[in-house]
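Listed below, chain by chain, are the residues.
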Amino acid sequence: MVSRVIPVEDFDLVIFGGTGDLARRKILPGLFRRYHSGQMPPGARIIGAARAAIDRKGYQKEVAAALEEFVPKGARSAETVKGFLESLDYVTIDATGDGGWKKLAGMLRANVVHAFYFSVAPSLFGALAERLHEHGCAGPSCRIVVEKPFGRDLESAQALNRTLRDHFDESQIYRIDHYLGKETVQNLMAVRFSNVLFEPLWNAQYIDHVQITVAETVGVDGRGAYYDKSGAMRDMVQNHLMQLLCLTAMEPPSRFDPDAVRDEKLKVIRALEPVDPEDIVRGQYTHPDKGMSYLEQVDDPDSITESYIAMKLAISNWRWAGVPFYLRTGKRLKARYSEIAIVFKDAPHSIFGQAQGRHRNVLTIRLQPNEGMDLFVTIKEPGPGGMRLVDVPLDMTFADALGPEVEDVPDAYERLIMDVIRGNQTLFMRGDEVEAAWTWTDPLIKGWTGRGDRPYLYESGSTGPEEAAMLLHSEGRRWREIRP
Ligand code: NAP
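Residues numbered from 1 in each chain as written. Predicted model: local features only at pLDDT ≥ 70, side-chain atom pairs only at ≥ 80, totals over all residues. Heavy atoms only, no water.

**Student:** Looking at this structure, I do not really get the overall build of the protein chain. What am I missing?
**Tutor:** On a plain count of helices and strands, the protein chain comes out with 15 helices and 15 strands. Against the 2.2 N^0.38 benchmark of 23 Å for 484 residues, the protein chain shows a C-alpha radius of gyration of 24 Å, consistent with a compact globule. Viewed in the frame of its principal axes, the protein chain has a C-alpha envelope of about 75 × 55 × 45 Å. Counting all 484 residues of the protein chain, 53% fall into the buried class. A sequence separation of at least 24 residues applies to 76% of the contacts in the protein chain between residues at least 6 apart. Accessible surface, the protein chain as shown: approximately 21,800 Å² in total, 53% of it carbon and sulfur. Computing the positive centroid from 59 side-chain charges and the negative centroid from 68, the protein chain places the two 2 Å apart. (Helix = DSSP H or I, 4+ residues; strand = E, 2+ residues; numbered from the N terminus. Rg over C-alpha atoms; globule rule 2.2 N^0.38 Å. Buried < 20%, exposed > 50% of the residue type's maximum accessible area, 1.4 Å probe, protein only. Contact = heavy atoms within 4.5 Å. Areas by Shrake-Rupley, 256 points an atom, 1.4 Å probe, with all protein chains shown as cover. Lys, Arg positive; Asp, Glu negative; His and termini not counted. Charge placed at Lys NZ, Arg CZ, Asp CG, Glu CD.)

The following block contains the structure:
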């Protein structure tokens, strides 16, 4: 693979929350990797902003430590680390106070892209937007990047949209969902819309069902109080899984352009049927060790918040009528494994007879680990013994297919931040998309909260509650294995 790094325009990027966990683990290492690969223009500046009273040198020291911790040795050199640290500056600022804002306004250079990354608690987004406006930083060409969660229900998402739109045009607002920055997720669009092979089969006539799995091995350890107010539905389904569903199910957009793509995604969300409570299975993990079960890691020992959810969805349009979409996500599962699986229908007639069993084509798009795709095809098992059929994958692990340079493929955060600088909103959620997702999600959450439904228990390290298997078994289907 030939590496084609296209430099971006000169920019000043301000990271509000520049000393926080997300900045240290993802944003700054991501920016460093882009610097290391030569994509950042020489004059570009990154300005950390937080309340901590440190100076530029102090910030450089903190970022150097973060790079050491979160960028593998082989992906950095003393020279590029030094150069990157030179691009950093810092301003002590309080989102809710007046100190520091004049200084920040004075630091911004004219005639370069201005981007403001809101990597702080969502309760501060409004205050930041207002202060940027008051201090003349919110020009028509600047951009703001907003982290998740974007609201906790429709009402709060609408309020947040209103606040941001008071000071910024929708074209300036970049709502980040890092799943959209993943290479395979974008590849899903490339596979669907640039190969004649798949699109003719991509409908209810040929597809039996779709499974979307995002399995995590981590629990809520240390974040229990926060997580318990959210749960798997708000934390994962409303945003990440919904985005994966949209990209899988949407109609071909007329162009690969932000609004054309987002219009089609929005239509999918709006075509989702309300979900029958019987088609939702929620779970909470248990663990034999003291203090490791979900209910021991959150403040409320009677909490009915789910750490796992599986559900069956229906999209009411011509393409997908009668095709179930099964979604599941959870914490403390058997393996960290995320994939979209398109399970095709059986061949209409088997010339090989019943004894050969059931064989189906499956296209899997793996998000992690080993980003790549597999297309399972049915072939004759080699060797004597007559016609025995077996399903084998045509494996397209990107790292194998594209050579060692694939290691240089930017991670989701790097790619998305560079898209902000380029002014490309295709991989960011539009305000109406987020609101539509909450419109669909809210009644489901209200339903189980109002009924007081208790989640089923599942053992840590398992594949989730057994009841989730029944969602598919009752229809003669089965979940794909969650593999390490
Ligand atoms: P964090 O570790 O708590 O960091 C918060 C940052 O905000 C710190 O730099 C803090 O520094 C700064 N801050 C707090 N109050 C401030 C104020 N009044 N004015 C200016 N700066 C202030 O949080 P985080 O985990 O980085 O998360 C940041 C955002 O990203 C949140 O919206 C979170 O939901 C989202 N997010 C995080 C992750 C993740 O993996 N961490 C993943 C997805 C989304 P001072 O205290 O010095 O001001």
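Having seen the model, we can carry on.
**Student:** Looking at this structure, how should I read the domain arrangement of the protein chain?
**Tutor:** How big an interface is tends to be expressed through the accessible area that disappears when the partners come together. Assigned domains within the protein chain: domain 1 (11–147) and domain 2 (180–410 + 428–473). Domain 1 and domain 2 are separated by 34 Å when their C-alpha centres are compared. (Domains from an automatic or database assignment.)

**Student:** Quick question: what am I supposed to make of the site of the ligand here?
**Tutor:** Neighbouring the ligand are 21 residues; Thr19, Asp21, Arg25, Arg51 and Val120 lie closest to it. Separating an oxygen atom of the ligand from a backbone N or O atom of Leu22 is a distance of 2.8 Å. Protein contacts shield 72% of the accessible area of the ligand, which totals 880 Å² for the unbound molecule. With three residues, helix 1 (residues 21–36) is the single largest residue contributor to the shell around the ligand. Taken together, the residues that form the shell around the ligand break down as ten nonpolar, five polar and six charged. (Near = heavy atom within 4 Å. Polar contact = N/O pair within 3.5 Å; in protein donor to acceptor, adjacent residues only side chain to side chain. Nonpolar A, V, L, I, M, F, W, Y, C, P; charged D, E, K, R; others polar.)

**Student:** Would you explain the pairing of strand 13 (residues 372–380) in this entry?
**Tutor:** Looking along a regular strand, one sees the side chains alternate between the two faces of the sheet. Alignment of strand 12 (residues 362–368) against strand 13, held across five bridges, turns out to be antiparallel. The residue of strand 13 that forms the bridge with Ile365 is Met373. (Pairing = 2+ DSSP bridges.)

**Student:** What's the story with the side chain of Asn203 in this structure? I'm lost.
**Tutor:** Tracing the backbone shows Asn203 in the loop between helix 7 (183–194) and strand 7 (207–215). If sequence neighbours within four positions are ignored, Asn203 has contacts with Arg319 and Trp320.

**Student:** Sorry, what's going on with the packing of aromatic side chains here?
**Tutor:** In this description, an aromatic ring pair is defined by two values, namely the gap between the centres and the angle between the planes. For the structure on display, the rule yields 14 aromatic pairs. Pairing Phe16 with Trp101 gives two aromatic rings, centres 5.6 Å apart and planes at 35 degrees, and the pair type is tilted. Here the residue Phe16 occupies a position in strand 1 (residues 11–16), and Trp101 occupies one in helix 4 (residues 101–107), the gap between them amounting to 85 residues. An identical accessibility class is assigned to Phe16 and Trp101; each is buried. Taking 5.9 Å as the distance between ring centres and 65 degrees as the angle between the ring planes, the aromatic pair formed by Tyr35 and Phe84 counts as edge-to-face. Of the two residues, Tyr35 is situated in helix 1 and Phe84 in helix 3 (residues 78–86); the sequence distance between them amounts to 49 residues. (Phe/Tyr/Trp six-rings, centres within 6.5 Å; stacked < 30°, edge-to-face > 60°.)

**Student:** So what exactly am I meant to see when it comes to the environment of Thr92 here?
**Tutor:** In this fold, Thr92 is placed in strand 3 (residues 88–92). A residue is classified by how much of its surface remains accessible, and Thr92, at 32% relative accessible area, is partly exposed. Through-space distance from the C-alpha of Thr92 to that of Pro288 is 46 Å; in sequence the pair is 196 residues apart. In contact with Thr92, not counting residues within four places along its chain, are Ala50, Arg51, Ala52, Ala53, Ile54, Gly99 and Gly100. At a separation of 3.2 Å, a polar atom in the side chain of Thr92 contacts the main-chain carbonyl oxygen of Ala52.

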